[in-house]
Amino acid sequence: MPVRIHHILCPIDFSEGSRRALDHAVTLARRYRARVSVVHVYPLSIPVYGVAYTGPEGLQPVMLTELDRQQLLSRLDAEVVEDRAATHLTIETVLDEAANVPEAIVSRARTTSADLIVIGTHGRSGFERLMLGSVAEKVLRKAACPVLTVPAHAPDAVPREADSIRRILCPVDFSSSSEGALEYAAALAQEAHASLTVLHVLELLPDLAEYADAVGFTDYRHARFQEARTQLSHTVKATVRETCKADELVLVGRAYAEILRVAGDQAADLIAMGVRGRGTTDLMFFGSTTNHVVRAARCPVLTIKAESTR
């Protein structure tokens, strides 16, 4: 199934990180001849003792004046003027005002039938790389379409050639969501003539580690490893077309740590991961493999929900 991207939504906040995200959005738009909507959502907030406070009922938010709107629209246009001239793509700029920025982004993606959201994450260290409650994290959880998160520490210069994606890493856990992501990643790899590595990380139960030298543990580990290799091989054969070569890799360890290590070792240009729908059963998202990878990855991460591949 070919990847179909007709409309890309790219929220920006005029930071360096969002500029990198826009570069990636334009690169993908060139490949798929997609139109790009560059949106800035101005947060309707109430200043309380010098702090921007998004407000309780009964208090009036600070609205943009017409002059403010014109200045912001001019700034948005300035962000994309070079891209328009260099690519001849359809790149529109949109200014929204909303009390809830992530919901406004997700709503615009839904109402305009965006096929992909490309959004930057702010450059901080450790846990703060993707802060709990941040705009990017909430968009990632709530959007129905695939989301490409671009870290602020991604390379400054984004290649604009069509073959800018050369190495794709796709971790799978054999769930329906990860198999949908694998199908999507394989189509991307085929169209971009990129290499594809399909990775499964076998996480043995932590309480078995102390029995590593016990009789039978080595046999147990070997059996689980061989079982995972067989299942990975079957998954790849069932999902990846013969015209796309995929390297299969099974490792043992913490899933997010091994994904990040392999991505670094291979200098991956993209990590593609499946994520489950954001229902009540997904409240454990924080601390999950996907969240750890998005927070710490040094390359863009494409998250794909099972329903978005249907």
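Higher on the page you've got the structure.
What counts and how
All residue numbers refer to positions counted from 1 along the written sequence of the respective chain. Reporting of local features is limited, given that this is a predicted model, to residues whose pLDDT is at least 70; pairs of side-chain atoms are given and counted only at 80 or more, and all residues count toward the totals for whole chains, interfaces and linings. By convention in this description, side-chain values take in all heavy atoms of the structure and omit both hydrogens and water. In this text, helices come from DSSP runs of H or I with a minimum length of four residues, and strands from runs of E with a minimum of two, each type numbered from the N-terminal end. Buried residues are those whose accessible area, probed at 1.4 Å on protein chains only, stays under 20% of the maximum for their type, while exposed residues exceed 50% and partly exposed ones sit between those limits. Contacts between residues were defined by any pair of non-hydrogen atoms, one from each residue, lying within 4.5 Å. Accessibility throughout is a Shrake-Rupley quantity obtained with a 1.4 Å probe, and a residue counts as covered only by protein chains that appear here. Axis angles are defined between N-to-C directions and span 0 to 180 degrees, where every axis is a line fitted to C-alpha atoms and, for a helix, only to the segment in contact. Small angles under 35 degrees read as roughly parallel and large ones over 145 as roughly antiparallel, with 65 to 115 read as roughly perpendicular and the rest as oblique. With the far helix as reference, a near helix turned anticlockwise by less than a right angle produces a left-handed crossing, and one turned clockwise produces a right-handed crossing. Three categories are distinguished: nonpolar for Ala, Val, Leu, Ile, Met, Phe, Trp, Tyr, Cys and Pro, charged for Asp, Glu, Lys and Arg, and polar for the others, with Gly belonging to the last. One requirement defines pairing of two strands: DSSP has to find at least two bridges between them. Geometry of aromatic contacts follows a simple scheme: Phe, Tyr and Trp rings, the Trp one being its six-membered ring, pair when their centres are within 6.5 Å, and the pair is stacked under 30 degrees between planes, edge-to-face over 60, tilted otherwise. When the NZ atom of lysine or the CZ atom of arginine is within 6 Å of a ring's centre and also within 35 degrees of its normal, the charge is said to sit over that ring. N or O atoms within 3.5 Å of each other form a polar contact, as long as, within protein, one can give a hydrogen and the other can take it, and as long as residues adjacent in sequence are counted only when both atoms are side-chain atoms.

### Description of the overall build of the protein
A count of helices and strands for the protein gives eight helices and 12 strands. A total of 310 residues make up the protein; the buried ones form 47% of that total. Contacts in the protein between residues far apart in sequence, at least 24 positions, make up 77% of those at least 6 positions apart. Of the accessible surface of the protein, which amounts to about 15,700 Å², a share of 52% is contributed by carbon and sulfur atoms.

### Regarding the side chain of Thr149
Structurally, Thr149 is set in strand 7 (residues 147–151). Given the relative accessible area of 3%, Thr149 is considered buried. Each residue touching Thr149, except ones within four places of it in the same chain, is listed here: Ile119, Thr121, Val294, Pro300 and Val301.

### Concerning the packing of helix 1 (residues 16–32) against helix 2 (residues 66–87)
When two helices pack together, their arrangement is given by the angle between the helix axes and the distance between those axes. Viewed as axis vectors pointing N to C, helix 1 and helix 2 meet at an angle of 20°, and their least axial separation amounts to 12 Å. The angle between the axes of helix 1 and helix 2 places the two elements in the roughly parallel class. The element helix 1 and its partner helix 2 pack so that their crossing is right-handed. Along the contact surface, helix 1 presents Arg19, Leu22, Val26 and Arg30, while helix 2 presents Glu79, Val80, Asp83 and Thr87. Each residue belonging to the contact of helix 1 with helix 2 can be placed in one class, and the counts come to three nonpolar, one polar and four charged.

### What to know about unusual backbone geometry
For Phe14, which is not glycine, the phi dihedral falls at a positive 70°. Mapped onto the elements, Phe14 comes out in the loop between strand 1 (7–11) and helix 1.

### Here's the deal with the pairing of strand 5 (residues 91–98)
Taking burial as the measure, the eight residues of strand 5 include six buried ones, the bulk of the element. Here strand 2 (residues 35–43) pairs with strand 5 via eight bridges, running parallel. Bridge assignment links Val41 to a residue of strand 5, and that residue is Asp96.

### So, the packing of aromatic side chains
Evaluation of the coordinates by the stated rule reveals zero aromatic pairs. The ring centre of Phe14 lies 4.0 Å from the NZ or CZ of Arg75, which sits over that ring.

### Points about the sheet that holds strand 5
Think of a sheet as strands paired side by side through backbone hydrogen bonds, with each pair either parallel or antiparallel. Strand order in the open sheet made by the 10 strands is 5-2-1-6-7-12-11-8-9-10, with mixed pairing throughout. Sheet topology places strand 5 and strand 10 (246–252) at the edges, where each strand pairs with a single neighbour. On average, each strand axis in the sheet is inclined to that of its neighbour by 25°, with strand direction left out of account. Its contacts with the sheet put helix 2 on strand 2 and strand 5, and the angle it makes with strand 5 is roughly 155°.

### Let's talk about the pairing of strand 6 (residues 116–121)
For strand 6, the tally of buried residues reaches six of six residues, placing the bulk of the element in the interior. Side chains Leu116, Val118 and Gly120 of strand 6 all project onto a buried face; the interleaved residues Ile117, Ile119 and Thr121 project onto the opposite face, where all are buried too. When strand 1 meets strand 6, the two strands line up parallel, connected through two bridges. Opposite Ile8, over in strand 6, you have Leu116 as the bridge partner. Of the pairings in the sheet, the one linking strand 6 to strand 7 comprises five bridges and is parallel in character. Within strand 7, the residue paired with Val118 across the bridge is Leu148.

### So, the side chain of His40
As for its position among the elements, His40 is in strand 2. At a separation of 3.0 Å, a polar atom in the side chain of His40 contacts the main-chain carbonyl oxygen of Ile12. The contact partners of His40, leaving out residues within four places of it in the chain, are Ile12, Asp13, Phe14, Leu72, Leu76, Val94, Leu95 and Asp96.

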